[in-house]
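Architecture at a glance
Below are the chains, spelled out letter by letter.
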Amino acid sequence: MIVVAAVVCLAGSVATMLLLERARRSAGSQRHLWIAVCAFACGVGVWSTHFIAMLAYDGGIPIAYGVGGTSFSIAVAIAASWVAFSVGLAGTSRHAPAVGGLLLGLGIAAMHVSGMRAIEVQGRVAFDPETSFAAVLLGTLIAGLALHSFQVLRGVRGLAASILLLVAAICVLHFTSMSGVVLIPDLSVAATHVFDPFWLAGGVIAASTTLILMAFGALFVDRHLTDLKGLANASLEGMVILRRGEVIEVNERFATLSGRKPAELVGRQRRELFAEAPERRSSNDLGAGEGASEGELLHADGGYVPVERLCRTIEYKGRPCDVIFVRDLTARKDAERTIEHLAHHDALTDLSNRSSFDRRLRQALAAAVHHDDALAVLCLDLDRFKAVNDIFGHGEGDRILRKVADILRAGAGEADTIARLGGDEFAIVQTGAAQPEAARLLADRILKLFSEEMDTRRDPMAVGVSIGVAICPGDGTTAERLYGNADTALYRAKQTGKGIACFFDAEMDAAVRTRRQIENDLRHAVVRRQLFLEYQPLVDVRDDRIVGYEALLRWRHPDRGLVGPNLFIPIRDDVLATLVRLRLLGVRIVMDDFGTGHSSLSNLQTFPFDKLKIDCSFTASLDKDPAAHAIIRAIIALGHSLNLPVVTEGVETERQRQIIVDEGCRQIQGFLTGRPGLAPSVDAASSSSTMPHRVGA
């Protein structure tokens, strides 16, 4: 019987600790349920161990057990175990498991005492106080250590240690206490309402074995179900099982998507979970054969979660049920909205892009023509942006573009469409306002905001803006014509001086068309070799020697005839960069026609020219206009102060030559010394003395 008692004690301890581990991994009502099952298994195990050990005890007197005391002892064992495990898993402090273990030890001792009181014998039961105290003390301490080890040590090692310590606590308390028990015969005592020891032994063994096996069975079934539920909960897709349209099971993913706890969803109707189309609201089921479809899941906060649904019929717990799988489409829908947004908006500034602008302009034009309304198109181009981007880098350039976008948003109206067409080009479609007054006010607001936000005097990275405006219907009724005319007005604004707004007019259109035609023809002229050079001698007036030749670029246009450089050179945008590259190659650069047109003092400061040429218009008036004479004298003095040679062009008479010599100019050019020719030559009117020539530009 001692061996049987030890086996029962071990089996009960194993079941107890496995159930306790399951309770520790649970929460809420499930934890309380598993604590109760664990307490039942522990109480039965302790009680069985006690009575099987008592059946092996031979005190020299026949022993029986009272029904009431025996029943009370098992109730004490189960109740004490429940209190001990509830305290041990409460988690209110780190000492809770040890306290629970001490309570368990005291509970085992209480069960032992009540069990001993259930003995019916013709005599008296005497206890050795010292032995009994030692048994209770050791058993209680070891039980406390068992639950403490269960909490501190995890995994197989923790379970093994706690099981062995619990077995030791039960055995030490029972067997040590039994060693101090003495039965004293007393024939005056009669036993009533007792269990026969034989039947009690069989009943205890059968009951304890059955209960312990049931505990292990519960663990196995729970583990099996836990694995299946864990598999369902591990899925990225939500799952809900319905019977006749009522929810009977959900996984954690579905509960998370709906914003509720699983327990809150059980018992709800399907219509409380999904936002159905009107044609389906009378149906309780999706239909098992239905393929995947998109819908919306009702969230606890009142919102909707876009999902993809798939319904199948299965047999669940012996009855046909519908299982609906849902996949969260929130990320996909967000991505689709982002892609849709990027398809119509500029990624850097979040303004409308070119395709969106074109579509909006056509829609606005159609509405304006239909309702006989007016609208305006504003084309905007940033001044100095290329220089800022090149000097400070693309990162700063992007920051400037985002700042410009904010300025345009602040200046435009809510109904206006603002677009970034590319690079530093922007456009605005203004609708629903009286024109051209509204466009003029909008342009003024934008220029004012730029002057406030982009002050070039204190911010080297500040940029300006030029604006071109075209009005429908006066300037065009098609998108291409209206935008083209606004772009033409923008071109005029930049040519006029930048930082201003310019409205389109017909005269402007003709001038720009001519310029652009010349620009296009000039590109073909280079390929078709329509450009050629003429050379005009450059004479030193001190000894009338030819000191070089000026190469003059000419263009023979098939329709326009001979086109002068004053017409096609201003077409005068990458000229400066080209001159810099030529100078690096060793070519000397002369500022032609100084004092007129593009040959201003500011350009003289911008680029280090090698020589100045006085314009022939001053030379022509030299001998009869005192003002022209004074201008020539000033230019010659300026050249000397800058240490630059000065050439006077357009000299055609000896009188003009003499005045130039008297003013200190050493080089002249004109018909007096030689006309331009296809090859360097000396005019008959020039001196016959020549020297090796240099070609100047």
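Refer to the structure presented above.
**Structural notes on unusual backbone geometry**
- Cis peptide bonds are those with omega within 30 degrees of zero, and the linkage from Q435 to P436 qualifies with 5 degrees.
- For P436, the position within the fold is in the loop between β14 (425–430) and α14 (437–453).
- Going from C472 to P473, the amide bond is cis rather than trans, its omega being 15 degrees.
- One can find P473 in the loop between β15 (464–472) and α15 (479–496).
- The backbone phi angle of R384 is positive, close to 75 degrees, even though this residue is not glycine.
- Here R384 shows up in the loop between β12 (375–383) and α12 (385–392).
- Positive phi, normally seen in glycine, also occurs at R529, with a value near 55 degrees.
- Mapping R529 onto the fold places it in the loop between α16 (506–527) and β17 (531–540).

**Comments concerning the packing of aromatic side chains**
- Inspection of every chain in the model, using the stated rule, returns two aromatic pairs.
- Against the face of F671 rests R675, its NZ or CZ located 3.9 Å from the ring centre.

**Examining the environment of T496**
- Summarising the element assignment, T496 is placed in helix α15.
- Given a relative accessible area of 53%, T496 falls into the exposed group.
- In sequence terms T496 and S466 are 30 residues apart; their C-alpha atoms lie 10.0 Å from each other.

**Regarding the nonpolar core**
- Ranked by internal contacts, the top residues of the largest apolar core, which has 32 residues, are M17, L20, F85 and L104.
- The element that contributes the greatest number of residues to this core is helix α2 (residues 29–55), accounting for eight residues.
- Sequence-distant contacts of L104, that is, excluding residues within four places in its chain, are made with C42, S81, A84, F85, A143, L147 and L166.
- With 30 residues, the next largest nonpolar core counts A376, L401, M461 and A462 among its residues.

**A few points about a nonpolar patch on the surface**
- On the surface, W82, V83, V99, L103 and L106 cluster together to form a nonpolar patch covering roughly 410 Å² of accessible area.
- Sorting the residues of the nonpolar patch by element identifies α3 (67–88) and α4 (96–117) as the ones contributing at least two each.
- With respect to the helices and strands, L103 occurs in helix α4.

**Side note on the sheet that holds strand β8 (residues 274–275)**
- Within the open sheet, the six strands sit side by side as β7-β6-β11-β10-β9-β8. Their pairing is antiparallel. Because the sheet does not close on itself, it has two edges, and the strands there are β7 (246–250) and β8.
- Where strand β9 (residues 293–298) and strand β10 (residues 304–316) come together, six bridges link them in antiparallel fashion. The residue bridging L297 from the neighbouring strand is V305, located in β10.
- Those strands touched by helix α10 (residues 330–344) are β9, β10 and β11 (319–328), and its axis lies near 145 degrees from that of β10.

**Concerning the sheet that holds β15**
- Ordered in space as β13-β14-β12-β15-β16, the five strands form an open sheet in which the pairing is mixed. The open sheet has two edge strands, β13 (417–422) and β16 (501–503), and neither has a second partner. Averaged over all pairs of adjacent strands, the angle between strand axes in this sheet comes to 20 degrees, irrespective of strand direction.
- Bridge count for β12 against β15 is nine bridges, and the pairing is antiparallel. Looking at the pairing, C379 lines up with G468 of β15.

**Quick look at the packing of helix α5 (residues 129–152) against helix α6 (residues 155–178)**
- For the pair α5 and α6, interaxial distance at closest approach is 8 Å and the crossing angle is 170 degrees. Considering their axes alone, α5 and α6 lie roughly antiparallel with respect to each other. Contact residues: T131, S132, A135, V136, L138, G139, I142, A143, L145, A146, S149 and F150 in α5; L159, S162, L165, L166, A168, A169, V172, L173, T176 and S177 in α6.
- Taken together, the residues of the contact of α5 with α6 break down into 15 nonpolar, seven polar and no charged.

**Description of α12**
- Those residues of α12 lying buried are F385, V388 and N389. Angular distribution of buried residues about the axis of α12 spans 95 degrees; they occupy a single face of the element. The outward face of α12, more than 90 degrees from its buried face, is lined by the exposed residues K386, D390 and I391.
- Its buried side turned inward, α12 meets β12 and α13 (394–411).
- Where α12 ends, the next residue or the one after it, G393, has phi of about 100 degrees, a positive value.

**Remarks on helix α21 (residues 626–641)**
- If you check α21, its first and last C-alpha atoms are 23 Å apart, about what 16 residues at 1.5 Å a residue would give, namely 22 Å.
- Those residues of α21 that sit buried are A628, H629, I632, I635, I636 and G639. All buried residues of α21 project into a common sector of 125 degrees when viewed along the axis, lining one side. Exposed residues lying more than 90 degrees from the buried face of α21 are P626 and S641.

Conventions adopted
Residues numbered from 1 in each chain as written. Predicted model: local features only at pLDDT ≥ 70, side-chain atom pairs only at ≥ 80, totals over all residues. Heavy atoms only, no water. Helix = DSSP H or I, 4+ residues; strand = E, 2+ residues; numbered from the N terminus. Phe/Tyr/Trp six-rings, centres within 6.5 Å; stacked < 30°, edge-to-face > 60°. Lys NZ or Arg CZ within 6 Å of the ring centre and 35° of its normal. Buried < 20%, exposed > 50% of the residue type's maximum accessible area, 1.4 Å probe, protein only. Core = buried A, V, L, I, M, F, W, Y, C linked by side-chain atoms within 4.5 Å. Contact = heavy atoms within 4.5 Å. Patch = residues over 30% accessible without salt bridge, like charges linked within 9 Å, V, L, I, M, F, W, Y side chains within 5 Å. Areas by Shrake-Rupley, 256 points an atom, 1.4 Å probe, with all protein chains shown as cover. Salt bridge = Lys/Arg side-chain N within 4 Å of Asp/Glu carboxyl O. Pairing = 2+ DSSP bridges. Axes fitted to C-alpha atoms, helices over the stretch in contact; angles between N-to-C directions. Parallel < 35°, antiparallel > 145°, perpendicular 65-115°, else oblique. Nonpolar A, V, L, I, M, F, W, Y, C, P; charged D, E, K, R; others polar. Arc of directions from axis to C-beta. Expected span 1.5 Å × (residues − 1).

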